[in-house]
Amino acid sequence: MHPRAVPIGEGQCLSRQSTLDNILVTKVPMFTKVGLLKYIMEFIVTEDKALQLVDKPAFCNLLGYVHPALAESDILHHTKVTETIKARAVAVVNVIHKHLTKVDSQVSMTFDSWTSIIGNPFFSVTGHYIWSPDDKPQQWELRCEQFSFAHIKGNHSGQNTA
């Protein structure tokens, strides 16, 4: 910026101004095997992909292209991904159970059913309750937890989902 374009005494402030790069640009974390498992699980769960995707040659080739130092033994297989997803699900259920044992309020339930993009019907049960930390009982927070998510055999009829 031209020195005459800056009011007297303000030039020092402008020279110390930083950019937003550290805030706006997300930095790619360093590669780790644990991180790879985490991101693969997130991809499979959030995008509703089949667990066997990780065993497909094209997926393994993609991993090798992205991280050439990855050895064949480092590439995850569906059994490891399945075990890890199940273990995380059990851990989440335990956390929810722990929270619910401390809930002084009632738990309201909502039920929902829908069909996935490929036509599979599902049924969900969600609990809604008010929670507060032990050390701040007046600090209320509305929480929602999914208690059940199940594939429905057949259609969405009331008799079938009961």
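Every value quoted in this text rests on a predicted model; they were computed, and no experiment measured them.

1. Focus: the overall build of the chain
Within the chain one finds six helices and three strands. Listing every helix and strand of the chain by position from the N terminus yields α-α-α-α-α-β-β-β-α. Across the 162 residues in the chain, those meeting the buried criterion constitute 22%. Sequence separation of 24 or more characterises 44% of the internal contacts of the chain that already satisfy a separation of 6 or more. Approximately 12900 Å² of the chain is accessible, and the part contributed by carbon and sulfur atoms is 59%.

2. A short note on the side chain of D74
Considering the arrangement of structural elements, one finds D74 in the loop between α4 (57-66) and α5 (78-101). D74 gets classed as buried once you look at its relative accessible area, which sits at 17%. Those residues in contact with D74 that sit more than four places away from it in its chain are K33 and L36.

3. Looking at α5
In this model, α5 (24 residues) spans 34 Å end to end at C-alpha, consistent with the 34 Å of a helix rising 1.5 Å per residue. For α5, the full list of buried residues reads V81, T82, T84, I96 and H99. Elements in contact with the buried residues of α5: α3 (33-46), β2 (121-131) and β3 (141-151).

4. Considerations on the packing of aromatic side chains
Per the stated rule, a full pass over the model turns up three aromatic pairs. Relative to F123, the ring of F111 lies with its centre 6.2 Å away and its plane at 20°, an arrangement referred to as stacked. Here the residue F111 occupies a position in strand β1 (residues 108-115), and F123 occupies one in strand β2, the gap between them amounting to twelve residues. When the ring of F122 is compared with that of F149, the centres are 5.1 Å apart and the planes differ by 15°; the resulting orientation is stacked. With F122 in strand β2 and F149 in strand β3, this residue pair connects regions lying 27 residues apart in the sequence.

5. Looking at a nonpolar patch on the surface
On the surface, a cluster of nonpolar side chains totalling about 360 Å² of accessible area is made up of V107, M109, F111 and F147. Take F111: its relative accessible area is 56%, and that puts it in the exposed class.

6. Quick word on α3
A rise of 1.5 Å per residue sets the reference length of α3, with its 14 residues, at 20 Å; its end C-alpha atoms lie 20 Å apart and thus fit the reference within 8%. Turning to α3, its buried residues number three or more, namely G35, L36, L37, I40, M41 and I44. On its buried side, α3 packs onto α4 and α5. One or two steps after α3, the chain reaches D48, where phi turns positive at roughly 55°.

7. Concerning the packing of α3 against α5
At a minimum axis distance of 10 Å, the contact between α3 and α5 shows a crossing angle of 80°. Judged on the interaxial angle alone, α5 and α3 are roughly perpendicular. Contacts between α3 and α5 involve L37, I40, M41, I44 and V45 on the former and, on the latter, K80, V81, T84, I85 and R88. Within the contact of α3 with α5, the residues separate by chemical class into seven nonpolar, one polar and two charged.

Rules of the game
- Residues numbered from 1 in each chain as written.
- Predicted model: local features only at pLDDT ≥ 70, side-chain atom pairs only at ≥ 80, totals over all residues.
- Heavy atoms only, no water.
- Helix = DSSP H or I, 4+ residues; strand = E, 2+ residues; numbered from the N terminus.
- Buried < 20%, exposed > 50% of the residue type's maximum accessible area, 1.4 Å probe, protein only.
- Contact = heavy atoms within 4.5 Å.
- Areas by Shrake-Rupley, 256 points an atom, 1.4 Å probe, with all protein chains shown as cover.
- Expected span 1.5 Å × (residues − 1).
- Phe/Tyr/Trp six-rings, centres within 6.5 Å; stacked < 30°, edge-to-face > 60°.
- Patch = residues over 30% accessible without salt bridge, like charges linked within 9 Å, V, L, I, M, F, W, Y side chains within 5 Å.
- Salt bridge = Lys/Arg side-chain N within 4 Å of Asp/Glu carboxyl O.
- Axes fitted to C-alpha atoms, helices over the stretch in contact; angles between N-to-C directions.
- Parallel < 35°, antiparallel > 145°, perpendicular 65-115°, else oblique.
- Nonpolar A, V, L, I, M, F, W, Y, C, P; charged D, E, K, R; others polar.

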